[in-house]
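Survey of secondary and tertiary structure
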Amino acid sequence: MAGAGLDHIVHAVRDLDAATALYKRLGFQVGARNRHPPAWGTQNHIIQLPGTFIELLAATETRGITPHKPRCFSFGAFNRDFLTKDEGLSMLVLEGRQGDAEYFDLRGIGCFDPYYFERDGKRPNGDAVKVAFTLAFARDDKAADIGFFTCRQHHPENFWNSAFQRHPNGTRAVAAAVIVASDPAQHRKFLTAFARSDDWEERAGRLLLKTSRGTIELVAPHEYSCRYGGRAPDVTESARLAAIRLLAEDLGTVRTILESQNVIHRSIADGIVVGPETALGAALIFETGRSSDR
């Protein structure tokens, strides 16, 4: 049975304005800038899709960031430290439920207290609303460069909005988060516990974990390069969250937008890739989902 679905993926960047401009050039609708708690020192923009979103995030006020402590995973410190090495996809987030922190603790993949926070949001008409979240963090020692947590929303009616989920490029869903690892099988046990799912499938040299919303894909560097083109990230010291696979209505629309905006991209057998050299350390893979080899 599929477990917790994909909630969002954090794309950590050094220049939030530049990232916003890039995603608009890619044909996405980008939400307003939000400020996180001072203990995090971060700000973000949200790109919504039905049930899932991409979070563009920058560490903007680093002096007040709370450090990691026993039973306290610091969201701000993790992303600040990630950005000292590179930009890119820093965190994989699944939808949360009550008791996630205790569940992770019992399975030996997390020893952190849950973290609650709230912030102001805005409706399309400008009205202010309150959004609030409880986060439960997990850790894979073999993937120190990826942050893992679940996110439980307390006012989802104030967060999700179908008006924010319609994008000029026709993207309609996140199909998968792609993790590159030197030995993908080493991460299978952790991800099974993290996602509460054992619905694995091996296909074309990849390990695919199906969730209730989207897939987590594990792939070795060689297979990643063969399938998606370009150089795989360096995974000598840690697995890396390398790419987001996006379902689009029509690749022709995507290609037209990219070409009109002079965005460098490449075609693969069943999709279009905007590589990390353009997409600020991330690979964004547009596909239609019509191929039999997903």
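All values derive from a computational prediction rather than experimental measurement.

A separate point is helix α1 (residues 16–25). Of the positions making up α1, those classed as buried are Leu16, Ala19, Thr20, Leu22 and Tyr23. Angularly, the buried residues of α1 cover 160° about the axis, an arc narrow enough to put them on a single face. Those residues of α1 that are exposed and angled more than 90 degrees off the buried face are Asp17 and Lys24. Contact partners of the buried residues in α1: β1 (6–12), β3 (42–49), β4 (52–59) and β16 (283–287). Directly beyond the C-terminal end of α1, a positive phi value near 100° is found at glycine 27.

A few words now on the sheet that holds strand β15 (residues 271–274). Reading across the sheet, the eight strands line up as β10-β11-β12-β9-β13-β16-β15-β14 and stay open at both edges, with mixed pairing between neighbours. Single-partner strands in this sheet number two, and they are β10 (200–203) and β14 (266–268). Recorded for the sheet is a direction-independent mean angle of 25° between the axes of neighbouring strands. Here strand β11 (residues 206–210) runs beside strand β12 (residues 215–219); their pairing, made up of five bridges, is antiparallel. Residue pairing for β12: arginine 206 is matched across the bridge by valine 219.

Parameters at a glance
- Residues numbered from 1 in each chain as written.
- Predicted model: local features only at pLDDT ≥ 70, side-chain atom pairs only at ≥ 80, totals over all residues.
- Heavy atoms only, no water.
- Buried < 20%, exposed > 50% of the residue type's maximum accessible area, 1.4 Å probe, protein only.
- Helix = DSSP H or I, 4+ residues; strand = E, 2+ residues; numbered from the N terminus.
- Arc of directions from axis to C-beta.
- Contact = heavy atoms within 4.5 Å.
- Pairing = 2+ DSSP bridges.
- Axes fitted to C-alpha atoms, helices over the stretch in contact; angles between N-to-C directions.

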